[in-house]
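Each chain, written out:
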Amino acid sequence: MIGRRLVPHRLRRALVLRGQSRFERIYGVDIGDRGVNREGDRLSIAQTNLLYHDNKCYQPMPFNELARLFKALPIDPQEYAFIDLGCGKGGTLVLAADRGFREVIGVEFDPQLATWATRNLQRAGERRSLSCSGDIVNSDAAEYQFPNMPSLILMFNPFGEDTMRAVLRNIEESLRVHPREFYIAYFHAVERNMLGSSPELVSVSIRHVPLRFDMFKRRDSTCLNVEILVSRETSKTNKKLST
């Protein structure tokens, strides 16, 4: 397999766009960044409603990566809510609904994108006869309260350190009050160290999950085919002892 770093950026972009176009044709949706406010504009939209101003520009998820994630996870989607923090136009919600998740929820502060996400869920539901419950929450992720059910959380680098810290506090409080199965799939995980330091979460390695996802789950919860990652320090120590 050719390493990702060896593939020219333009070729990677072309492959992503081709997959995106196919996705749009299958589900009858528009999930590209055409007509979307760019980063500078987004910072001014509903800014008074944000606790922090560290939101990132909308970028569609590579859907082949998301499909591989769903296939690899050792969970029954009919028992889980799928929650995308910073859902944009809601393409991930469409795929999750088609994969049979119990409920799909998108959290998006930008009202323009939230409207697109609602529209895309409706279109996909009509075309594919999706019966999954869907909800778009037009809100700041820092203030979002998580539902008390087993959940898979998706994040595609949607915000910076301050919002991530607030989100993590809400997750920890929710898990302490209502312990349950809880996974986080963090794509392009800029703030991975913050999640890794949480007393309620543990970093895990799941076979066949794409490498661009950092995976976390609730500490002390049980699941097959999941390997808890050993810290680098421990790994180095074991390596020295074996030599």
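Everything numeric here is computed off the predicted structure, so don't read it as measured data.

## Description of the overall build of the protein
Scanning the protein from N- to C-terminus turns up 8 helices and 8 strands. Split by element, the accessible area of the protein, about 13,300 Å² in all, is 48% carbon and sulfur.

## Focus on helix H4 (residues 91-98)
Counting buried positions over the 8 residues of H4 gives 7, a clear majority of the element. Of the residues making up H4, those classed as buried are Gly91, Thr92, Leu93, Val94, Leu95, Ala96 and Ala97. Looking one or two places after H4, you find Gly100, whose phi comes out positive at around 90°.

## Topic: the nonpolar core
Formed by 43 residues in total, the largest nonpolar core has its most connected members in Phe82, Phe101, Val104, Phe213 and Met215. Of all the secondary-structure elements, those providing two or more residues to this core are helix H1 (9-27), helix H3 (63-72), H4, helix H5 (111-128), strand E4 (151-156), strand E5 (182-187), strand E6 (201-206) and strand E7 (213-218). The contact partners of Phe82, leaving out residues within four places of it in the chain, are Phe70, Thr92, Leu93, Ala96, Phe101, Glu103, Val104, Ile105, Leu152 and Leu154.

## Quick look at the pattern of salt bridges
In total, this model carries 10 salt bridges according to the counting rule given. The closest approach of N and O atoms between Arg128 and Asp98, which form a salt bridge, is 3.1 Å. Taken together, the residues Arg128 in helix H5 and Asp98 in helix H4 connect sequence positions 30 residues apart. We classify Asp98 as partly exposed; its relative accessible area is 22%. In this structure, Arg165 and Asp162 form a salt bridge, with 3.5 Å as the shortest nitrogen-oxygen distance. Note that Arg165 and Asp162 are positioned in helix H6 (residues 161-177) at a spacing of 3 residues, about one turn of the helix. Of the residues examined, Asp162 reaches a relative accessible area of 37% and is grouped as partly exposed. Taken together, the shared-partner salt bridges connect Glu65, Arg68 and Arg212 into one network.

## With respect to the packing of H4 against H5
Direction vectors running N to C along H4 and H5 enclose 30°, while the axes themselves pass 9 Å from each other. One finds that H4 runs roughly parallel with respect to H5. At the point where H4 passes H5, the crossing takes the right-handed sense. For the pair formed by H4 and H5, the contact residues are Leu93, Val94 and Asp98 on the first element and Asn120, Leu121, Ala124 and Arg128 on the second. For the contact of H4 with H5, the per-class residue count stands at 4 nonpolar, 1 polar and 2 charged.

## Looking at the packing of aromatic side chains
One pass over the structure, following the stated rule, counts 10 aromatic pairs. Note on Phe82 and Phe101: the rings are 5.6 Å apart at their centroids and 55° apart in plane angle, and the pair reads as tilted. Of this pair, Phe82 sits in strand E1 (residues 81-85) while Phe101 sits in the loop between H4 and strand E2 (103-107), and the two are 19 residues apart along the sequence. Phe101 shares its class with Phe82; the two are buried. In textbook terms, an aromatic cluster arises when at least three aromatic residues are bridged by ring pairs, as seen for Phe23, Tyr27 and Phe63. The ring of Trp116 carries the charged tip of Arg119 above its face, separated from the ring centre by 4.7 Å.

Calculation criteria
Residues numbered from 1 in each chain as written. Predicted model: local features only at pLDDT ≥ 70, side-chain atom pairs only at ≥ 80, totals over all residues. Heavy atoms only, no water. Helix = DSSP H or I, 4+ residues; strand = E, 2+ residues; numbered from the N terminus. Areas by Shrake-Rupley, 256 points an atom, 1.4 Å probe, with all protein chains shown as cover. Buried < 20%, exposed > 50% of the residue type's maximum accessible area, 1.4 Å probe, protein only. Core = buried A, V, L, I, M, F, W, Y, C linked by side-chain atoms within 4.5 Å. Contact = heavy atoms within 4.5 Å. Salt bridge = Lys/Arg side-chain N within 4 Å of Asp/Glu carboxyl O. Axes fitted to C-alpha atoms, helices over the stretch in contact; angles between N-to-C directions. Parallel < 35°, antiparallel > 145°, perpendicular 65-115°, else oblique. Left-handed = near helix turned anticlockwise from the far one by under 90°. Nonpolar A, V, L, I, M, F, W, Y, C, P; charged D, E, K, R; others polar. Phe/Tyr/Trp six-rings, centres within 6.5 Å; stacked < 30°, edge-to-face > 60°. Lys NZ or Arg CZ within 6 Å of the ring centre and 35° of its normal.

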